[in-house]
Amino acid sequence: MKEGVTWLSQDNMESTIRDIGLAPQGQLKIDWVQAHMPVLNTLREEFEKTQPFQGKKVTICLHLEAKTAYLAKVVQAGGAEVTVAASNPLSTQDDVVAALVAGGVHAHAWYGATDEEYHQHLHRALDFEPDYIIDDGGDLVSTLHKERRELLPKVLGGAEETTTGILRLRAMEKNGELAFPMMAVNDAEMKYLFDNRYGTGQSVWDGIMRTTNLVVAGKTVCVVGYGWCGKGVALRAKGLGARVIICEVNPIKANEAWMDGFEVMPMLAAAPLGDFFVTVTGNKNVISGEHFQVMKDGAILANAGHFDVEVNKVQLAAMAQSCREVRRNIEEYLLQDGRKIYLLAEGRLVNLAAGDGHPAEVMDMTFALQALALHYLATVKTPLEPKVYSVPTEMDMRVAELKLKTLGLSIDQLSEEQKSYLASWQHS
Ligand SMILES: NC(=O)c1ccc[n+]([C@@H]2O[C@H](COP(=O)([O-])OP(=O)(O)OC[C@H]3O[C@@H](n4cnc5c(N)ncnc54)[C@H](O)[C@@H]3O)[C@@H](O)[C@H]2O)c1
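Brief notes about the overall build of the protein
- In terms of helices and strands, the protein carries 17 helices and 17 strands.
- Computed over the C-alpha atoms, the radius of gyration of the protein is 22 Å, within 12% of the 22 Å expected from 2.2 N^0.38 for a compact globule of 428 residues.
- Projected onto the principal axes, the alpha-carbon positions of the protein cover approximately 70 × 65 × 45 Å.
- The 428 residues of the protein split such that 55% are buried.
- Summarising the internal contacts of the protein: among those between residues at least 6 apart in sequence, 69% fall at separations of at least 24.
- Counting every atom, the protein has about 19100 Å² of accessible surface; 53% of that belongs to carbon and sulfur.
- Taking the 41 positively charged and 55 negatively charged side chains of the protein as two groups, their mean positions are separated by 2 Å.

What to know about the packing of aromatic side chains
- Evaluated as defined, the whole model comprises five aromatic pairs.
- Measuring from ring centre to ring centre gives 6.4 Å for Phe194 and Tyr198, while their planes differ by 35°; the resulting arrangement is tilted. You can see Phe194 and its partner Tyr198 sitting in helix α8 (residues 189–212), four residues apart, about one turn around the helix.
- Arranged with centres 5.9 Å apart and planes meeting at 70°, the rings of Tyr226 and Phe262 form a pair that is edge-to-face. Linking Tyr226 in the loop between β9 (220–224) and α9 (228–239) with Phe262 in the loop between α10 (251–259) and β11 (263–264), this pair joins segments that are 36 residues apart in sequence. Comparing Tyr226 with Phe262, the two get one shared label, buried.
- The ring of Phe128 is capped by Lys57, whose NZ or CZ atom sits 5.1 Å from the centre of that ring.
- Directly above the aromatic system of Trp228 lies the positively charged group of Lys231, at a separation of 5.0 Å from the ring centroid.

Observations concerning the site of the ligand
- Lining the immediate environment of the ligand, one finds 27 residues, of which Thr162, Thr163, Thr164, Glu248 and Asn351 sit closest.
- Here Glu248 contributes a side-chain N or O atom positioned 2.5 Å from an oxygen atom of the ligand.
- The set of elements that each furnish at least two residues to the shell around the ligand consists of α7 (163–174), α8 and α9.
- With three residues, α8 is the largest single contributor of residues to the shell around the ligand.
- For the shell around the ligand, the class distribution of residues is nine nonpolar, 15 polar and three charged.

What about the packing of helix α2 (residues 38–50) against helix α16 (residues 393–407)?
- Contact geometry for α2 and α16: axes closest at 9 Å, N-to-C directions at 110°. With respect to each other, α2 and α16 are oriented roughly perpendicular. Considering only the axes of α2 and α16, their crossing is right-handed. On the side of α2, the interface is formed by Pro38, Val39, Thr42, Leu43 and Glu46, while α16 contributes Arg398, Leu402, Lys403 and Thr406.
- Across the contact of α2 with α16, the residue classes tally to four nonpolar, two polar and three charged.

Examining the side chain of Asp195
- Its place among the elements puts Asp195 in helix α8.
- Apart from the residues within four sequence positions on either side, Asp195 is in contact with Glu161, Thr200, His358, Val362, Met363 and Thr366.

Some remarks on the pairing of strand β15 (residues 330–335)
- Where burial is concerned, most of β15 is hidden: six out of the six residues are buried.
- Burial of the side chains of β15 extends over both faces: Ile330, Glu332 and Leu334 are buried on one face and Glu331, Tyr333 and Leu335 on the other.
- In sequence, strand β14 (residues 320–327) turns back onto β15 through a hairpin of two residues, with Asn329 there showing a positive phi of about 70°.
- Linking β15 to strand β16 (residues 340–344), which pair antiparallel, is a turn of four residues; within it Gly338 sits at a positive phi near 95°.

A look at the environment of Pro130
- Structurally, Pro130 can be placed in the loop between α5 (115–127) and β6 (132–135).
- Residue class for Pro130 comes out buried when judged on its relative accessible area of 1%.
- Distance in space between the C-alpha atoms of Pro130 and Ser322 is 45 Å, their sequence separation being 192 residues.
- Here Pro130 is in contact with Lys57, Thr59, Lys154 and Val155, once residues within four sequence places are set aside.

Rules and cut-offs
Residues numbered from 1 in each chain as written. Predicted model: local features only at pLDDT ≥ 70, side-chain atom pairs only at ≥ 80, totals over all residues. Heavy atoms only, no water. Helix = DSSP H or I, 4+ residues; strand = E, 2+ residues; numbered from the N terminus. Rg over C-alpha atoms; globule rule 2.2 N^0.38 Å. Buried < 20%, exposed > 50% of the residue type's maximum accessible area, 1.4 Å probe, protein only. Contact = heavy atoms within 4.5 Å. Areas by Shrake-Rupley, 256 points an atom, 1.4 Å probe, with all protein chains shown as cover. Lys, Arg positive; Asp, Glu negative; His and termini not counted. Charge placed at Lys NZ, Arg CZ, Asp CG, Glu CD. Phe/Tyr/Trp six-rings, centres within 6.5 Å; stacked < 30°, edge-to-face > 60°. Lys NZ or Arg CZ within 6 Å of the ring centre and 35° of its normal. Near = heavy atom within 4 Å. Polar contact = N/O pair within 3.5 Å; in protein donor to acceptor, adjacent residues only side chain to side chain. Nonpolar A, V, L, I, M, F, W, Y, C, P; charged D, E, K, R; others polar. Axes fitted to C-alpha atoms, helices over the stretch in contact; angles between N-to-C directions. Parallel < 35°, antiparallel > 145°, perpendicular 65-115°, else oblique. Left-handed = near helix turned anticlockwise from the far one by under 90°. Pairing = 2+ DSSP bridges.

Written out as C-alpha cells, the structure is:
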C-alpha cells in the first residue's frame, strides 16, 4: 500500500491525499464535466450571488470523481467551507481529489484505501465539525451516530444520495435514533428515474465492457433485482444484443420484467445459464455457494448495488483452490473442479470502481437536487425535526424545468380550463 501525504491548505487545514502533484490532470477532468453540467452551472451562478452557505461547514461523502468534485465546488461557491471523504475506497480518483485540495476544498481520501484507512478518512472529515453533510450509502451518518456522538448537536441536517442509505436512515428514524433531519434525495423523481435507471444502465455496461474487453451481444446476462437500477441494466443489456434473464423476489417487479420482454426465473435456475451476472438489489448474498456450484466455466460476476455484499465473496473464496488478478479489476477464482469464475472490482459497484460512474449529464440532475436540498436546509424558516424528508415537489419540478431549458426543449402548459377540469369531479 502506497502511503498518502498530508497537505496543509492556506487556512492551515490538513488534507490527507495521495499526491497534490496530480492536481492539473484532475482539474482537466473537473473542467470536462463542468462543461456538461448546465443545471449545476445555473445553480452555481445563483449561489455565488446569494451565498446561502456563508460561514457554514459541509462534509461531503460521495464517490470522489469529477462530477462529485464539481458539486463540492458549487457548494463552496455558495460560501461554505467544504471537506470531502470517499463513500467507496475503489471509486476515488487521486488526481480529482488533488485538484479539489489545490482549489481550497479539504479532502481525506485515496484510491485503494484499506478498511482501516477508509474509516480514518471518515473520522478526519468529521473532525472538521460540519454543520451540514451529504452522504452516500449512510457510512457518514452511521459513523456520526455510533462513534462521533459529541458532534451530533452541531449538525443541522444533511442529504442522502442512494437507495441503500435511505433504507438505513428510515431504520434509524423508526428506532428514534436519527439525530438530525435528512433529505431523501434518492427518492426524488428527477433522481431515481434518470440516475438509477439510465445512469446505472449505461455506466454499468461501460464499466464491464472496458474492464473485460469482451462482447455482450449473443451472451446471456442475468440481472438480479429489477428495481430502478436493474431496469436500466437490463434495458441496456438488451440493447447490446444480450439474452436477458431477470431474478426478483418481488412478484410485482417480476411481472413488470416479464411484460418488458425479459425471461424471469429463480437465481438457481439462472445460475447455469448466465455469461454475465449483475446484482443490483441492495441486499446481501443474492449470489452465493449453491449458485457458484452450478455456474458455467468463465462466468463473470459484477455488482452494482451499494455494498460489496451482494455476491458472497467469502463463500466464493472458500470454494476456490486459488485466486489471482488476471487483468485490472478482474479476479479469477479457480474452483476445485477446474471451473473459473471471474469477479469484477472485488464485487464493489462496478460502474464506479471499474469506471467513471454515471454520465455527467445525468449527475447534473442528481447533484442539482443535492445542491438544492442543502440550500433548502440552510434557508428553511422553521428548523426541521430529526426525520427523513422527501424532496419537495417544487424542487423536483425546478430541476426538471432547468434541465429542459438547458436541453433547449419546451413543453405545453395546462390552460385554466384544463386545470379546473382536472380538479373537478362534476363532469362526465
Ligand atoms: N451503481 C450505482 O451507481 C447505483 C446507483 C443508484 C443506486 N445504487 C444502489 O443499487 C441498489 C439498488 O437500487 P435501486 O434504486 O434499484 O433499488 P430498488 O429498491 O428500486 O430495487 C431493488 C430490487 O431488488 C429486489 N431484490 C431484493 N432482494 C433480492 C433478492 N434476494 N433477489 C432478487 N431481487 C431482490 C427488490 O425486490 C427490488 O425490486 C441499492 O444498493 C442502491 O443504493 C447503485
